[in-house]
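Listed below, chain by chain, are the residues.
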Amino acid sequence: MPRQASSPHRVHRIADQIQRDLSELIPRELRDPRIGLVTIADVQLTPDYAHARIFFTVLGGEPEHAAAALNERAGYLHSLLFKRLRIHTVPTLHFVFDQSTSKASDMNALIAQAVANTAKDD
């Protein structure tokens, strides 16, 4: 018999569950001052569930230090996820700082400056 394909939304459901679990586990389990207040913005899984890129933002800490601390503790977080998730393969975690919020803030500042300059010219 041919093997049935998994649900097309399964990758998204697993990514969402990983995001929820990490959002709960990181502040509770990691007591590293380099991390600051971390928010998990997105999780991207490879199709074979072997790797997950975890995009995060940080408040009250340096992004480079937070990324280093999270990647150092990725194995520990992986073991905690393994206990929570009911899937055969729990992905290897790779933490990446999400720069989209800082870029959006910069764009808003530029737009506000352009609007202010246009108002002065009129």
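The structure contained in this document is the topic of the report that follows.

Quick notes on the rules
- Residues numbered from 1 in each chain as written.
- Predicted model: local features only at pLDDT ≥ 70, side-chain atom pairs only at ≥ 80, totals over all residues.
- Heavy atoms only, no water.
- Salt bridge = Lys/Arg side-chain N within 4 Å of Asp/Glu carboxyl O.
- Helix = DSSP H or I, 4+ residues; strand = E, 2+ residues; numbered from the N terminus.
- Buried < 20%, exposed > 50% of the residue type's maximum accessible area, 1.4 Å probe, protein only.
- Core = buried A, V, L, I, M, F, W, Y, C linked by side-chain atoms within 4.5 Å.
- Contact = heavy atoms within 4.5 Å.
- Polar contact = N/O pair within 3.5 Å; in protein donor to acceptor, adjacent residues only side chain to side chain.
- Arc of directions from axis to C-beta.

1. Digging into the pattern of salt bridges
Per the counting criterion, the structure on display carries six salt bridges. Residues D21 and R84 are paired through a salt bridge, measuring 3.2 Å at the closest nitrogen-oxygen approach. Placement of the pair is D21 in helix α1 (residues 10-29) and R84 in helix α3 (residues 74-84), with a sequence separation of 63 residues. For the salt bridge of E72 with R34, the shortest nitrogen-to-oxygen distance reads 2.9 Å. You can see E72 sitting in helix α2 (residues 63-72) and its partner R34 sitting in the loop between α1 and β1 (37-45), a full 38 residues away along the chain. By relative accessible area, which is 54% here, E72 ends up exposed. A single network of salt bridges, built from pairs that share partners, joins D21, E24, R28, E29 and R84.

2. Concerning the nonpolar core
L22, I26 and F95 are the most contacted members of the largest nonpolar core, which has 30 residues in total. For this core, the secondary structure elements donating two or more residues are α1, β1, β2 (51-59), α2, α3 and β3 (92-97). Not counting chain neighbours up to four residues away, the residues in contact with I26 comprise I35, V38, I40, L70, L77 and F95.

3. Some details on the side chain of Q19
Structurally, Q19 can be placed in helix α1. Side-chain polar atoms of Q19 contact the backbone oxygen of I40, separated by 3.0 Å.

4. Details of α2
Taken together, the buried positions of α2 are occupied by A66, A67, A69 and L70. Projection of α2 onto a plane perpendicular to its axis shows the buried side chains occupying an angular sector of 165°, all on one side. Among the exposed residues of α2, those pointing more than 90 degrees away from its buried face are E64 and E72. Where α2 is buried, its residues contact α1, β1, β2, α3 and β3.

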